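Take a look at the letters that make up each chain.
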Amino acid sequence: MTSEYLAFIAFDLGDTMMIEETEHKDADGVTLRAELIVGMAEWIRDLKAQGILLGLIADTKVGTYQNVFANKAFGIAFRCLAFPTS
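All residue numbers refer to position in the chain's written sequence, counted from 1. In view of the model being predicted, local features appear only for residues whose pLDDT reaches at least 70, and side-chain atom pairs are presented and counted only at 80 or more, with totals across whole chains, interfaces and linings using the full set of residues. Water and hydrogen atoms play no part in the side-chain values, which are based on all heavy atoms of the structure.

Draft legend 1. The overall build of the chain, seen in detail. By definition, any uninterrupted DSSP run of H or I lasting at least four residues is a helix, any uninterrupted run of E lasting at least two residues is a strand, and each is numbered from the N terminus. Broken down by element type, the chain carries two helices and five strands. The order of helices and strands in the chain, counted from the N terminus, is β-β-β-α-β-α-β. Remark: exposure states derive from per-residue accessible area (1.4 Å probe, protein chains only) relative to the maximum for the residue type, with buried under 20%, exposed over 50%, and partly exposed in between. Residues classed as buried in the chain amount to 31% of the 86 residues present. Considering only residue pairs separated by 6 or more positions, the chain has 67% of its internal contacts joining residues 24 or more positions apart. Working definition of accessibility: Shrake-Rupley area with a 1.4 Å probe, residue cover restricted to the visible protein chains. A total of about 5900 Å² of accessible surface is found on the chain, and carbon and sulfur atoms cover 54% of it. Contact between two residues is taken to exist if any of their heavy atoms lie within 4.5 Å; hydrogens are not considered.

Draft legend 2. Geometry of the side chain of T64. Mapping T64 onto the fold places it in helix α2 (residues 64-69). We call two N or O atoms a polar contact when they sit within 3.5 Å, provided that within protein one can donate a hydrogen and the other can accept it, with sequence-adjacent residues counted only if both atoms are side-chain atoms. Separated by 3.3 Å, the side chains of T64 and T60 make a polar contact. Setting aside anything within four residues of it in sequence, one finds T64 in contact with L13, V30 and T31.

Draft legend 3. Representation of the environment of F78. Of note, F78 is situated in strand β5 (residues 78-82). Exposure remark for F78: the relative accessible area of 10% places this residue in the buried category. If we skip the residues at most four places from it in the chain, F78 touches F11, M17, I44, L54, G55, L56 and F69.

Draft legend 4. Fine view of helix α1 (residues 40-49). Of all the positions in α1, only M40, A41, I44 and L47 are classed as buried. End-on, the buried residues of α1 take up no more than an arc of 130°, which puts them together on one face. Once α1 finishes, G51 follows within two positions and takes phi at roughly 85°, a positive value. Here the arc refers to the directions that run from the helix axis out to each C-beta atom.

Draft legend 5. Examining the nonpolar core more closely. For this analysis, a nonpolar core means a set of buried residues of the types Ala, Val, Leu, Ile, Met, Phe, Trp, Tyr and Cys, connected via side-chain atoms within 4.5 Å. Formed by 19 residues in total, the largest nonpolar core has its most connected members in F11, M17, F69 and F78. Elements with a contribution of two residues or more to this core: α1, β4 (53-57) and α2. For M17, the contacting residues outside a window of four places in its chain are F11, D12, L36, I37, M40, I44, L56, F69 and F78.

Rendered as structure tokens:
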């Protein structure tokens, strides 16, 4: 008998990946930049390199995660994104 499984990890954004107290927002409340928790960028790159599927589930404004992850060299790390519709 073979054992098959799907490795998948879903992350929240605020205070799980980024430090909310470091957020800089625009007038609409979209985060323009924020610091990641120490070691998070390296961990995400390592998990992706291992072939683990990554998801991001966040109650945030559209544009926030793209701005926070800009210049972090993730590439397209997250295969699944879930955000509120309103």
